[in-house]
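# Structural features, examined
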Amino acid sequence: MAVHGNTTDSRINGIKAWREEPEALEVELASGSTALAEEVRTGLVKTPKRLSSRFFYDAEGSRIFQEIMHTPEYYLTRSEYEILETHKTELLQLFVADQRPFDLVELGAGDGLKTKILLGFFSEQQVDFAYAPVDISSDALDGLVADIQRQWPDLRLKPRHDDYFNSLHQLSAESDARRIVLFLGSNIGNFTPEEALDFYRQLHDQLLPGDLVLTGFDLQKHPAVIHAAYNDRQGLTRAFNLNLLRRINRELDANFDLSSFDHYEVYNPETGEARSYLVSQKSQTVTIRALEMTVPFQYGEIIHTEISRKFTRSQIEQLATKTGFSVSGWFTDCKGYFADVVFVRN
Ligand SMILES: C[S@@+](CC[C@H](N)C(=O)[O-])C[C@H]1O[C@@H](n2cnc3c(N)ncnc32)[C@H](O)[C@@H]1O
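On a predicted model such as this, the values are computed, not experimentally measured, just so you know.

Moving on: unusual backbone geometry. A cis amide bond links Thr47 with the next residue in sequence, Pro48, at an omega value of -5°. Here Ser186, not a glycine, exhibits a phi torsion of approximately 60°, which is positive. Mapped onto the elements, Ser186 comes out in the loop between strand S8 (178-183) and helix H8 (193-206). A positive phi angle, near 50°, is found at Asp253, a position not held by glycine. Positionally, Asp253 belongs in the loop between helix H10 (236-252) and strand S10 (261-268). Among the residues examined, Asp253 registers a relative accessible area of 38% and is labelled partly exposed.

Time to look at the pattern of salt bridges. Applying the stated criterion across every chain yields a total of 24 salt bridges. Two residues, Arg54 and Asp163, come together in a salt bridge whose shortest N-O distance is 2.9 Å. Here the residue Arg54 occupies a position in the loop between strand S3 (49-50) and helix H3 (59-68), and Asp163 occupies one in the loop between strand S7 (160-161) and helix H7 (164-167), the gap between them amounting to 109 residues. Residue class for Asp163 comes out buried when judged on its relative accessible area of 9%. Asp58 is the salt-bridge partner of Arg250, the closest N and O atoms lying 3.0 Å from each other. Of this pair, Arg250 sits in helix H10 while Asp58 sits in the loop between S3 and H3; the two residues are 192 residues apart in sequence, bridging distant segments of the chain. Relative accessible area serves as the criterion here: at 1%, Asp58 is assigned to the buried category. Through salt bridges that share partners, Asp58, Arg247, Arg250 and Glu251 make up one connected network.

Moving on, we come to H8. In this model, H8 (14 residues) spans 20 Å end to end at C-alpha, consistent with the 20 Å of a helix rising 1.5 Å per residue. Within the sequence span of H8, burial applies to Ala196, Leu197, Phe199, Tyr200, Leu203 and His204. With its buried residues spanning 160° around the axis, H8 presents them on a single face. Opposite the buried face of H8, by more than 90 degrees, sit the exposed residues Glu194 and Asp205.

Glancing now at the nonpolar core. In this structure, Leu104, Phe122, Tyr131, Phe256 and Ile288 are the most contacted members of the largest nonpolar core, which totals 70 residues. Sequence-distant contacts of Leu104, that is, excluding residues within four places in its chain, are made with Phe95, Leu119, Phe122, Phe129, Ala130, Tyr131, Ala132, Ile180 and Leu182. Counting residues in each nonpolar core, the second largest holds 27 residues, with Phe191, Val213, Ala339 and Phe343 among its members.

Looking now at the packing of aromatic side chains. Tallied over the full model, the rule gives 32 aromatic pairs. Measuring from ring centre to ring centre gives 5.4 Å for Tyr164 and Phe183, while their planes differ by 90°; the resulting arrangement is edge-to-face. Of this pair, Tyr164 sits in helix H7 while Phe183 sits in strand S8; the two residues are 19 residues apart in sequence, bridging distant segments of the chain. We classify Tyr164 as buried; its relative accessible area is 15%. One aromatic cluster in this structure is built from Tyr164, Phe165, Phe183, Phe191, Phe199, Tyr200, Phe217, Phe311, Phe325 and Phe343. For Lys49, the ring lying beneath its charged end belongs to Phe297, and the centroid distance is 4.9 Å. The side chain of Arg313 reaches across the aromatic face of Trp330, ending 4.1 Å from its centre.

Take the sheet that holds strand S11 (residues 273-280) next. Spatially, four strands are ordered S3-S14-S11-S10 in an open sheet, and the strand pairing comes out mixed. Pairing within the sheet leaves two strands with one partner each, and these edge strands are S3 and S10. Pairing of S11 with strand S14 (residues 302-309), which is carried by seven bridges, proceeds in the antiparallel orientation. Bridging from a neighbouring strand, Ala274 pairs with Ser308 of S14. Each of S10, S11 and S14 is contacted by H10, which is oriented at about 120° to S10, the strand it contacts most.

Taken together, 19 residues sit near the ligand, with Gly108, Lys114, Asp135, Asp163 and Tyr164 positioned nearest. Within the side chain of Asp135, an N or O atom sits 2.5 Å from an oxygen atom of the ligand. Here Ile136 contributes a backbone N or O atom positioned 3.1 Å from a nitrogen atom of the ligand. Relative to its unbound accessible surface of 590 Å², the ligand loses 94% to contact with the protein. Looking at side-chain class alone, the shell around the ligand contains eight nonpolar, five polar and six charged residues.

Rules of the game
Residues numbered from 1 in each chain as written. Predicted model: local features only at pLDDT ≥ 70, side-chain atom pairs only at ≥ 80, totals over all residues. Heavy atoms only, no water. Helix = DSSP H or I, 4+ residues; strand = E, 2+ residues; numbered from the N terminus. Buried < 20%, exposed > 50% of the residue type's maximum accessible area, 1.4 Å probe, protein only. Salt bridge = Lys/Arg side-chain N within 4 Å of Asp/Glu carboxyl O. Expected span 1.5 Å × (residues − 1). Arc of directions from axis to C-beta. Core = buried A, V, L, I, M, F, W, Y, C linked by side-chain atoms within 4.5 Å. Contact = heavy atoms within 4.5 Å. Phe/Tyr/Trp six-rings, centres within 6.5 Å; stacked < 30°, edge-to-face > 60°. Lys NZ or Arg CZ within 6 Å of the ring centre and 35° of its normal. Pairing = 2+ DSSP bridges. Axes fitted to C-alpha atoms, helices over the stretch in contact; angles between N-to-C directions. Near = heavy atom within 4 Å. Polar contact = N/O pair within 3.5 Å; in protein donor to acceptor, adjacent residues only side chain to side chain. Areas by Shrake-Rupley, 256 points an atom, 1.4 Å probe, with all protein chains shown as cover. Nonpolar A, V, L, I, M, F, W, Y, C, P; charged D, E, K, R; others polar.

Following this line, the structure appears as structure tokens:
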């Protein structure tokens, strides 16, 4: 089945089975285009119009995001990289504290740039663990798997091409290994407060006492620093946002004119929310042939595409308490911009 322009076969060829289970190679995702079609069908008739940020990551979106991570304004990646590099020994101590091997399950792994710090260090220390990256983007997952196999051919790998909401139930115990869930890169910031609570409650239900969740939270800071991170001077965030329309044109036979939409981002320090929009620069009608749908836009009308929440320490602690976890590790970068926080399942 073709998914995001890649075939499942091309992905399977490179993947090493984990625990010799043939079904570990079952990486098919219920058609990405079908999910996108549903999102577009329902999202573009809402007021205001909206599309979920999880559809940003086709091949081009994943490529642009990798570039964004290297821009001077996008501090998030550098901050989290610093945290993992500086605190990898303490993290390992927390992970192996109960003397059991562990499964490192990463939700929304992307290119694994920062996770590779841990993978490299754990491999060097001959730690008994397996790595299970989950990502909705086959392109991101393919690249990650190929890189890992090249760098650490002996690492036990169980990649999963899936929406992480679908794969939460896969976390339930299938071995004695401790489950350690990684949710890095401020992915949690894309959830509303209610969705975040629901997500950690679901994690709680699937995990066992003593299992861990390591989450990367972007912290509240000077609003100008946050605003700049989503308005880089090279225009990469703009290209990333607009690429969603290009994807809809390609996958759903639509005729969005990218030159008549703009990128706009606003950060509200009172709510801690950065929101990204696409703005129609004129009154226009877009046709989406695969959905037999026409969508009118007024001049200045927006499509809300992303929410990136920024947290305070007390919000993070409350998230843990309300969902059946306790905070067992708190690590920040030297500027205090970002926190990687370990929750232990009660
Ligand atoms: C902002 S990137 C972060 C990547 C990586 N965790 C990091 O810290 O650099 C988000 C990644 O999550 C993936 N993603 C977003 N929503 C997802 C979902 N619902 N299920 C699975 N993967 C998802 C995207 O494909 C992308 O690779």
